[in-house]
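This is what each chain is made of:
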Amino acid sequence: MAKDISRRNFLRGGLAAAAGVAASPIILPTAAQAASGRELCTLLDLSKCIGCEECVSACREQWQPTVPDPVSPMPRPFPAKVPVQDWSGRKDVSDRLTPYNFLYVEHLDVPHKGQEIELHVPRRCMHCLNPPCADLCPFGAGRVENNGVVHIDPEVCLGGAKCKTVCPWKIPQRQSGVGIYLDIMPELAGNGVMFKCHRCLPLVEKGQQPRCVEVCPEQVQSIGPREQILAQAEALARAKATEDGASPDKWQDYVYGLTENGGTTTIYVSPMPFAAVAAAIEQNHAASAQPGRGRAARAKQGGRKKKRGFGGRPPMGPVEDVMAKADNLSLALVLAPVAGLAAGFTRLFGKKFKADDGDSKGEAA
Amino acid sequence: MSKHDYSPGGRVAVWLYGIAIGLALFSGFGQMPLYNRYYLTSVPGLGWSGNFIALSELHYFAAALFMGLVAWRLALDTRAGGTWSWGPRSWWGWSLIALLVLSGGAKALRNAGVFLPPLALMLLDFVHLGSAMAFMFSGLVSLFRPRKKQYLRGGLA
Ligand code: SF4
Ligand code: SF4
Ligand code: SF4
């Protein structure tokens with residue numbers, strides 16, 4: 001899978017080596033962990049999914065009780081610029097992501113080659129390889145484990161929703177009135193806790209399977225070391241492309257999550273190109289944005305509020321690597337001090353030292 | 001400690017050093033989702049300050065400029081003792097910079113895809129925040145303290 005050896009994977013190894021930390025027992029490049037089979041990845045074969053939502057029920061059963069109920073009355077943020085978000089009275093909602101619902105299934109009729117093809121797409125966090133949600137969390141609440149799981153520590157999260165803002169799919173969902181911010185300055189800072197799929201971390205750590213993988217009657221999902229899953233995904237996508245009458249070389253059109261946002265550990269394979277799936281999802285969302293309902297609807301009507309999230313129902317179009325520029329800039333972090341030291345030791349610009357008091361001791365050396 | 005006040009790079013370096021610190025502090029504190037909440041993003045011309053990705057890139061840029069200048073000064077320091085018209089003047093200032101560079105560097109490594117234990121990273125996040133605040137207050141004290149005293153004590157704070 002040469003195409004998949006991205007600059008970042010190269011950088012991972014390179015930076016670790018440059019820092020001389022590769023041999024440390026606690027610091028290992030993620031790529032090396034993947035090679036050692038510890039970075040896990042899931043594969044979703046969408047042609048198998050019948051849309052029964054057993055996975056959704058299992059996830060809700062397992063994890064909804066772990067999401068606390070808010071205090072009452074809820075603290076009112078001051079100034080009132082940030083919205084209080086309370087899903088505690090709508091725990092039954094299962095057709096979108098909410099703080100109490102980490103997984104939903106998008107039911108689609110995808111127009112393809114003159115036919116409408118039924119397709120069901122389970123949606124949750126993609127567990128990105130370089131997740132902006134965790135990388136940019138200022139408090140370390142967003143975490144990346146060495147098994148590839150990206151999760152949010154509910155004991156530390158203040159609910160500022162920055163992770164949602166920077167997530168290209170707007171996955172994390174806020175529940176106000178819960179969490180540690182209540183013990184600090186609830187009116188002035190923080191606004192709850194962000195929740196999302198943690199790929200069943202407490203179970204996976206014990207060697208068990210994620211609930212949604214385990215209960216699926218059609219074995220839609222497989223989970224395993226990333227390299228192995230990627231090979232499996234490529235083989236499957238080649239077969240799907242061939243069945244669809246396309247060249248097997250076009251297999252990447254039938255895969256989602258491989259390169260999106262610089263690569264994820266959630267790989268979807270579909271029986272038709274993902275461009276068609278993305279268009280069907282967009283149409284689905286536009287149809288459900290009824291006039292007068294929600295932010296998306298107001299945006300659609302050209303209303304005052306701009307569309308900021310996706311209403312808990314992420315799109316499936318191409319996604320640029322959010323952290324790409326930061327990757328490039330990290331090279332500057334290494335080069336700048338090296339250049340500074342070199343300039344200093346060679347007394348570049350340093351010959352003009354002047355003593356304020358007019359003293360003649362102006363040379364650097 | 002000598003009484004000489006060296007000014008490598010002259011006014012340009014002083015300004016660059018100040019700009020690097022200003023930008024690093026602004027983009028650093030902006031990593032907390034406060035600028036939108038407290039209407040800074042509504043100030044004409046500051047709408048971009050709500051863009052976390054842009055702020056993060058600005059933080060990288062400011063950090064690179066800052067580390068370049070500090071490394072240059074450090075190298076010059078080894079060749080000529082004395083006090084300087086810019087940069088840290090005491091072990092306290094150098095220690096804070098060391099903490100900032102180490103904790104920030106660890107975070108940058110993680111952002112480049114290197115695995116670091118999440119709990120250690122959280123600790124480093126707070127070390128970074130704490131040392132940035134200490135650096136800011138020490139800097140302010142140093143700026144507003146009569147210059148003579150600085151030389152006598154030879155300190156940033
Ligand atoms: S993934 Fe499995 S459990 Fe979930 S909806 Fe599809 S078939 Fe049902
Ligand atoms: S999909 Fe969003 S929330 Fe999930 S890991 Fe990626 S950036 Fe984070
Ligand atoms: S992996 Fe676990 S937490 Fe994530 S959607 Fe599946 S069941 Fe829910």
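All values derive from a computational prediction rather than experimental measurement.

## Here we look at the overall build of chain B
- Across its full length, chain B carries five helices and three strands.
- Listed by position from the N terminus, the elements making up chain B come as β-α-α-β-α-β-α-α.
- Scored against the burial criterion, the 157 residues of chain B give a buried share of 50%.
- Across chain B, the fraction of contacts at a sequence separation of at least 24, relative to all contacts at a separation of at least 6, is 67%.
- Of the roughly 7200 Å² of accessible surface on chain B, 76% is carried by carbon and sulfur atoms.

## Notes on the sheet that holds strand E10 (residues 255–256) of chain A
Residue and element names in this part refer to chain A.
- Taken in spatial order, the four strands line up as E9-E2-E11-E10 in an open sheet, and their pairing is mixed. Sheet topology places strand E9 (221–225) and E10 at the edges, where each strand pairs with a single neighbour.
- Pairing of E10 with strand E11 (residues 266–269), which is carried by two bridges, proceeds in the antiparallel orientation. Its bridge partner lying in E11, Tyr 256 is registered against Tyr 268.

## Some words on the site of ligand 2
- In the region of ligand 2, 13 residues are neighbours, and A:Cys125, A:Met126, A:Cys128, A:Cys133 and A:Cys167 sit closest.
- Looking at the shell around ligand 2, its residues break down into eleven nonpolar, one polar and one charged.

## Topic: the pattern of salt bridges
- Applying the stated criterion across every chain, the model contains ten salt bridges over all chains.
- A salt bridge links A:Asp135 to B:Arg110, with the nearest nitrogen and oxygen atoms 3.2 Å apart. Within this pair, whereas A:Asp135 is found in helix H4 (residues 132–135), its partner B:Arg110 is found in helix H3 (residues 91–111), the two belonging to separate chains.
- Owing to a relative accessible area of 2%, A:Asp135 belongs among the buried residues under this scheme.

## Notes on the domain arrangement of chain B
Residue and element names in this part refer to chain B.
- In terms of domain boundaries, chain B breaks down into domain 1 (1–87) and domain 2 (88–148).
- The interface of domain 1 with domain 2 comprises 19 residues on the first partner and 14 residues on the second.
- Interface of domain 1 and domain 2: buried area, both sides summed, is about 1300 Å²; carbon and sulfur atoms make up 69% of it.
- Put simply, domain 1 and domain 2 have one residue pair in polar contact (both at pLDDT 80 or more) between them.
- Looking at the side of domain 1 that touches domain 2, the elements that each hand over two or more residues are helix H1 (10–29) and helix H2 (52–79).
- Top contributing element to the side of domain 1 that touches domain 2 by residue count: H2, with eight residues.
- Its residues assigned to classes, the side of domain 1 that touches domain 2 shows 13 nonpolar, three polar and three charged.

## Focus on helix H9 (residues 274–288) of chain A
Residues and elements named next belong to chain A.
- The end-to-end C-alpha distance of H9 is 21 Å, a good match for the 21 Å that 15 residues give at a rise of 1.5 Å each.
- Among the residues making up H9, those that are buried are Phe 274, Ala 276, Val 277, Ala 278, Ala 280, Ile 281 and His 285.
- Buried positions along H9 lie against strand E3 (104–112), strand E4 (115–123), E10 and E11.

## Digging into the environment of B:Gly47
Residues and elements named next belong to chain B.
- The topology assignment puts Gly 47 in the loop between H1 and H2.
- Look at Gly 47 and you get partly exposed, because its relative accessible area is 45%.
- On a C-alpha basis, the gap between Gly 47 and Asn 36 in space is 8.8 Å, while along the polypeptide they are eleven residues apart.

## What about the site of ligand 1?
- Near ligand 1 lie 13 residues; those nearest to it are A:Cys49, A:Cys52, A:Glu53, A:Cys55 and A:Cys216.
- Considered class by class, the residues forming the shell around ligand 1 number nine nonpolar, one polar and three charged.

## Focus: the pairing of E11(A)
All names here are of chain A.
- Burial of E11 is two-sided: the residues Thr 266 and Tyr 268 facing one way and the residues Ile 267 and Val 269 facing the other way are all buried.
- Taken together, the four bridges between strand E2 (residues 40–45) and E11 define a ladder with parallel strand orientation. Bridged to Leu 43 within E11 is Ile 267.

So, how was this worked out
Residues numbered from 1 in each chain as written. Chains lettered and ligands numbered in written order. Predicted model: local features only at pLDDT ≥ 70, side-chain atom pairs only at ≥ 80, totals over all residues. Heavy atoms only, no water. Helix = DSSP H or I, 4+ residues; strand = E, 2+ residues; numbered from the N terminus. Buried < 20%, exposed > 50% of the residue type's maximum accessible area, 1.4 Å probe, protein only. Contact = heavy atoms within 4.5 Å. Areas by Shrake-Rupley, 256 points an atom, 1.4 Å probe, with all protein chains shown as cover. Pairing = 2+ DSSP bridges. Near = heavy atom within 4 Å. Nonpolar A, V, L, I, M, F, W, Y, C, P; charged D, E, K, R; others polar. Salt bridge = Lys/Arg side-chain N within 4 Å of Asp/Glu carboxyl O. Domains from an automatic or database assignment. Buried area = accessible area lost by both parts, 1.4 Å probe. Polar contact = N/O pair within 3.5 Å; in protein donor to acceptor, adjacent residues only side chain to side chain. Expected span 1.5 Å × (residues − 1).

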